[in-house]
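The residues making up each chain are set out below.
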Amino acid sequence: MAMESKEIHYKRGYLDKDFQFFHLKDNKNIQFEFHYHDFNKIIIFISGKVTYLIEGKTYKLKPWDILLVNNNEIHKPMIDQGETYERIVIWVNSAFLLQHSDSECNLQKCFELATEKKLNLLRLAPDLLIGIKGILSQLEDSCKSHEFGSKVLKNSLFLQYIVQLNRLYLGIDIDTEYPDIEYDETIGRILEYINTNLKEDLSMDNLASIFYLSKYYLMRKFKQQTGYTVHNYILQKRLIAANALIKRGKSITTTCIECGFGDYSNFVRSFKKSFGLSPKKHYKMFLEQEKLANQHHRLHQPNITDL
């Protein structure tokens, strides 16, 4: 699938629905780039020989492993083409989850914890898998159906699946050691520092000084552990943060400063290269999309005078 197919420069896929369900099976010679999404993603690995890289952590997958990828986490699968790669991929619209959440039930909690705890993997015991597989099978059937009430049924099954995922993730032992996960603690600390200090000086010299490492060792180790260069990782994370601030109505100048871009023209040029539009035009397009979405929502709401 082209939308799910060097360095990181690209956002993959566009989601304008509550969620999208894909069941994919192939052994084509597909080379995936590092990429990210504005939406959350669930990957249910079924068969093949696949290693997934997510924010510097390497997961060697086993059948029916579940990966929770939070929006804007940079990731990439590495696939052994000698075996058929079968998986289910679900794109999840955060707005849909928030719509069905409340103060006691945050349906995005599993994604948030996966990022916070740096553990994207959910590996279940066979007895727990039975129920999850059952809901997943019903969900897949409902996604193909056009019968009466199919959308309502599809959404209810999806929400049931999300509730179960949250319960299971909240119940796992975060300190469990998996031999199939590779993670370098030093690189992990550097990634965390970068993500929480995007406004600061993140030059190679400064990072090397903070972590008491040789600059060249850091560059080599970072590339080896994460698959991308320090420079490109920082640039992409700053652009992701800038996109979020612009959508919240921050001025372009303020966004440029808060995301650590020292030069305004360089920021605009990098933003346009990544998102296809200048920050100003990107914000305008976002507002237009929000307006259309709100109009659609109002059209499908009952008129209070009719109640």
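Remember, it's a predicted structure, so these values are computed and weren't measured experimentally.

Engineer: So what's going on with the overall build of the protein chain? Residues and values would help.
Structural biologist: Helices and strands together make up the secondary structure of the protein chain, namely 11 helices and 11 strands. Out of the 307 residues in the protein chain, the part that is buried amounts to 45%.

Engineer: How would you explain the pattern of salt bridges if you had to name every residue and give the values?
Structural biologist: Inspection of the entire model under this criterion finds 14 salt bridges. Across the salt bridge formed by Glu182 and Lys60, the nearest N and O atoms sit 3.1 Å from each other. Taken together, the residues span a long stretch of sequence, with Glu182 in strand β11 (residues 181-182) and Lys60 in strand β6 (residues 57-60) at a distance of 122 residues. Residue classification places Lys60 among the partly exposed residues on the basis of a relative accessible area of 39%. Between Lys62 and Asp180 there is a salt bridge, and its shortest N-O distance comes to 3.6 Å. Note that Lys62 is positioned in the loop between β6 and β7 (66-69) and Asp180 in the loop between α4 (150-170) and β11, a separation of 118 residues in sequence. The class of Asp180 is buried, set by a relative accessible area of 16%.

Engineer: So what's going on with the sheet that holds strand β2 (residues 19-26)? Residues and values would help.
Structural biologist: Read across the sheet, 5 strands follow the order β2-β9-β4-β7-β10 without closing on themselves; strand pairing throughout is antiparallel. At either end of the open sheet lies a strand with only one pairing partner, and these are β2 and β10 (121-122). In this sheet, β10 lies alongside β7 in antiparallel orientation, the contact comprising 2 bridges. Bridging across to β10, Leu67 finds its partner in Leu121. Along the sheet, helix α2 (residues 109-116) makes contact with β4 (40-47), β7 and β9 (85-92), crossing β7 at roughly 85°. Helix α3 (residues 126-144) rests against β2, β4, β7 and β9 of the sheet, and its axis sits at about 100° to β2.

Engineer: Report on the pairing of β4, specifying residues and quantitative values.
Structural biologist: Here is the key point about a regular strand: its side chains alternate between the two faces of the sheet. With 7 of 8 residues buried, β4 is to be regarded as a mostly interior element. The pairing of β4 with β9 spans 7 bridges and is classified as antiparallel. Bridge pairing links Lys41 to Trp91 in β9. Of the pairings in the sheet, the one linking β4 to β7 comprises 4 bridges and is antiparallel in character.

Engineer: Which residues make up the environment of Ile46, and what are the values?
Structural biologist: Residue placement: Ile46 occurs in strand β4. Each C-alpha atom of the pair Ile46 and Tyr85 lies 7.7 Å from the other, and the pair is 39 residues apart in sequence. Discounting chain neighbours no more than four positions away, the residues touching Ile46 are His23, Pro63, Trp64, Glu86, Arg87 and Ile88.

Engineer: Kindly report on unusual backbone geometry, identifying the contributing residues and their values.
Structural biologist: Unusually for a residue other than glycine, Glu55 sits at a positive phi of about 45°. Here Glu55 falls in the buried class, since its relative accessible area comes to 14%. Within the chain, Asn72 stands out as a residue other than glycine whose phi angle is a positive 75°. Structurally, Asn72 can be placed in the loop between β7 and β8 (75-79).

Engineer: Please give an account of α3 that cites residues and values.
Structural biologist: The first and last C-alpha atoms of α3 sit 27 Å apart over 19 residues, in line with the 27 Å expected at 1.5 Å per residue. For α3, the complete set of buried residues consists of Leu129, Ile132, Ile135, Leu136, Leu139, Glu140 and Ser142. Where α3 is buried, its residues meet β2, β4, β7, β9 and α4.

Engineer: Lay out the environment of Lys280 with the relevant residues and their values.
Structural biologist: Positionally, Lys280 belongs in helix α11 (residues 279-299). For Lys280, a relative accessible area of 66% corresponds to the exposed category. In this structure, the C-alpha to C-alpha distance between Lys280 and Ser251, residues 29 residues apart in sequence, is 9.0 Å.

Engineer: Give me the lowdown on the confidence of the model for the protein chain, citing residues and values where you can.
Structural biologist: For the protein chain, the average pLDDT comes to 87, and 90% of its residues sit at 70 or higher. This model gives residues 1-10 a pLDDT under 50, and the stretch forms 34 contacts once residues within four places in sequence are excluded. Here residues 303-307 scores under 50 on pLDDT; set against residues more than four positions off or in separate chains, the count is 1 contact.

Engineer: Explain α2 to me, and be specific about the residues and the numbers.
Structural biologist: Every buried residue of α2 is accounted for by Cys110, Phe111, Leu113 and Ala114. Viewed end-on, α2 has its buried residues packed into an arc of 165°, placing them on one side of the element. Elements in contact with the buried residues of α2: β4, β7, β9, α1 (94-99) and α4. Positive phi appears at Lys118, one or two residues downstream of α2, with a value of about 55°.

Rules behind the numbers
- Residues numbered from 1 in each chain as written.
- Predicted model: local features only at pLDDT ≥ 70, side-chain atom pairs only at ≥ 80, totals over all residues.
- Heavy atoms only, no water.
- Helix = DSSP H or I, 4+ residues; strand = E, 2+ residues; numbered from the N terminus.
- Buried < 20%, exposed > 50% of the residue type's maximum accessible area, 1.4 Å probe, protein only.
- Salt bridge = Lys/Arg side-chain N within 4 Å of Asp/Glu carboxyl O.
- Pairing = 2+ DSSP bridges.
- Contact = heavy atoms within 4.5 Å.
- Axes fitted to C-alpha atoms, helices over the stretch in contact; angles between N-to-C directions.
- Expected span 1.5 Å × (residues − 1).
- pLDDT = per-residue confidence, 0-100.
- Arc of directions from axis to C-beta.

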